Amino acid sequence: LIDPTVPGAAFAAQGWGLPERADLVPYDVDECFARNLGLVAGDAISTREVVLIGGGSVGSEVACDLVRQGVRRIVLIDPDTVDPVNMSRSSLDRSDIGAFKVHALRRRLLRYNPEASVEALPHPVEAEEVAFEGLVARTDLVVCAADSQVTRRYVNGVCVALRTPLLLLGFHDRAEACDIIWVTTPETPCLACINPSEHDDAAARSDIPYSTSEDSAAANGLVSDINLGNALGSSLALALIDPTGAGRSETLDPTRNRILIHSGRVPRGMWAEVFDSPFETVAFKHERIEECPHCGRTDEARAYRARLTARAGGTTADGACEERS
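The residue numbering used here restarts from 1 in each chain and proceeds along that chain's sequence as written. Selection of residues for local features in this predicted model requires a pLDDT of at least 70, selection of side-chain atom pairs for listing and counting requires 80 or more, and totals for whole chains, interfaces and linings are taken over all residues. In computing side-chain values, all of the structure's heavy atoms are included and hydrogens and water are not.

Colleague: Would you mind showing me how to read the sheet that holds strand β4 (residues 141–144) here?
Modeller: Adjacent strands of a sheet form backbone hydrogen bonds with each other and so pair up, either parallel or antiparallel. The pairing criterion for strands is at least two bridges between them, as found by DSSP. The numbering of helices and of strands both runs from the N terminus, where a helix is a DSSP run of H or I of at least 4 residues and a strand a run of E of at least 2. If you walk across this open sheet you meet the eight strands as β3-β2-β1-β4-β5-β6-β7-β8, and the pairing is mixed. In this open sheet, the two edge strands, each paired with only one partner strand, are β3 (117–121) and β8 (281–284). Across the sheet, the axes of successive neighbouring strands diverge by a mean angle of 15°, strand direction being ignored. With respect to the sheet, helix α4 (residues 101–112) is in contact with β2 (73–77) and β3, its orientation differing from that of β3 by roughly 170°. Of the strands in this sheet, β1 (49–53), β2, β3 and β4 are in contact with helix α5 (residues 129–138), which crosses β1 at around 140°. Each axis is a line fitted through C-alpha atoms, taken for helices only over the stretch in contact, and angles between the N-to-C directions span 0 to 180 degrees. What makes two residues a contact is simply this: any of their non-hydrogen atoms within 4.5 Å.

In structure tokens, the structure reads:
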């Protein structure tokens, strides 16, 4: 008799057997990415560097997507460690609990591509500002998946001053909506123009950490809803890394550099005023604020940009900012 509760019992009874894995013939690492051919500019993507801030449910998935799509140079920044509460929506697993997120994520990325260059920095960006600003000055794209408004505010200012493309990803109301903003100076308004409240000191002090177990009730969200935004964020990241490749430049409308995508739930409350149905995506047009503390034309904004570029050893973005209408 075949015991139906034993996995593979029917196959074993017929002598088939179920080996844990098939014997693999020798293969080249490039074969692992062969199905990207014609969809991304492989040579261009592989030479670009991405700095990713935040290794939680958003950052970890975006990092995995980018490496699987051909990115070979990535710097991970996050001071947090992996908690049991992260298991329900992170690309990490139970063997990573207790490790720094960036170290666990680095191991996973190198399993996808052992030839990738992955640097793991387990500290806040604000802890080493001069080093971080130098890093931003050399890189091709910064992806900020941090939930701290203080961090988002600081990263936005650095990227504007150094004219480094920035992609910000976040979620509202238990992942009911994903909020994606990309900033390319001088073409787009920056985060401080789009969401001035993030630059209010009182609001920054009262923000709720998204990833710590102590605040998990305030940060609940289903991985299926979160991954809707992650997929869109990964696609936009590719467009920002290589704007001329595979037609993705058409996704970057500088007049509408903020996208909201709703979850699989029926929109309710305030979200019913924005969305008509689940899974809907809405692009918003924002104007640059002349008094913006980061990309504005005030003396204070110019001094802010000059101070950051001097520390990073870069060139000022003032000329580019002044060209915008």
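What follows continues from the structure just given.
Colleague: What's the story with unusual backbone geometry in this structure? I'm lost.
Modeller: Cis peptide bonds are those with omega within 30 degrees of zero, and the linkage from Thr 185 to Pro 186 qualifies with 15°. Looking at the secondary structure, you find Pro 186 in the loop between β6 (177–183) and α7 (191–194). A positive phi angle is found at Arg 163, which is not glycine, with a value near 55°. Tracing the sequence through the fold places Arg 163 in the loop between α6 (149–162) and β5 (166–172). For the exposure calls, accessible area comes from a 1.4 Å probe over protein chains only, and a residue counts as buried if that area is under 20% of its type's maximum, exposed if over 50%, partly exposed in between. When its relative accessible area of 36% is taken as the criterion, Arg 163 is described as partly exposed.

Colleague: Help me understand α5 in this model?
Modeller: The α-helix advances 3.6 residues per turn, and as a result positions three or four apart in sequence lie on the same side. Where α5 is concerned, the buried positions are Phe 132, Glu 133, Leu 135 and Val 136. Mapping the buried residues of α5 onto a view down its axis gives an arc of 155°, with all of them on the same face. Our arc is simply the arc of the directions from the helix axis toward the C-beta atoms.

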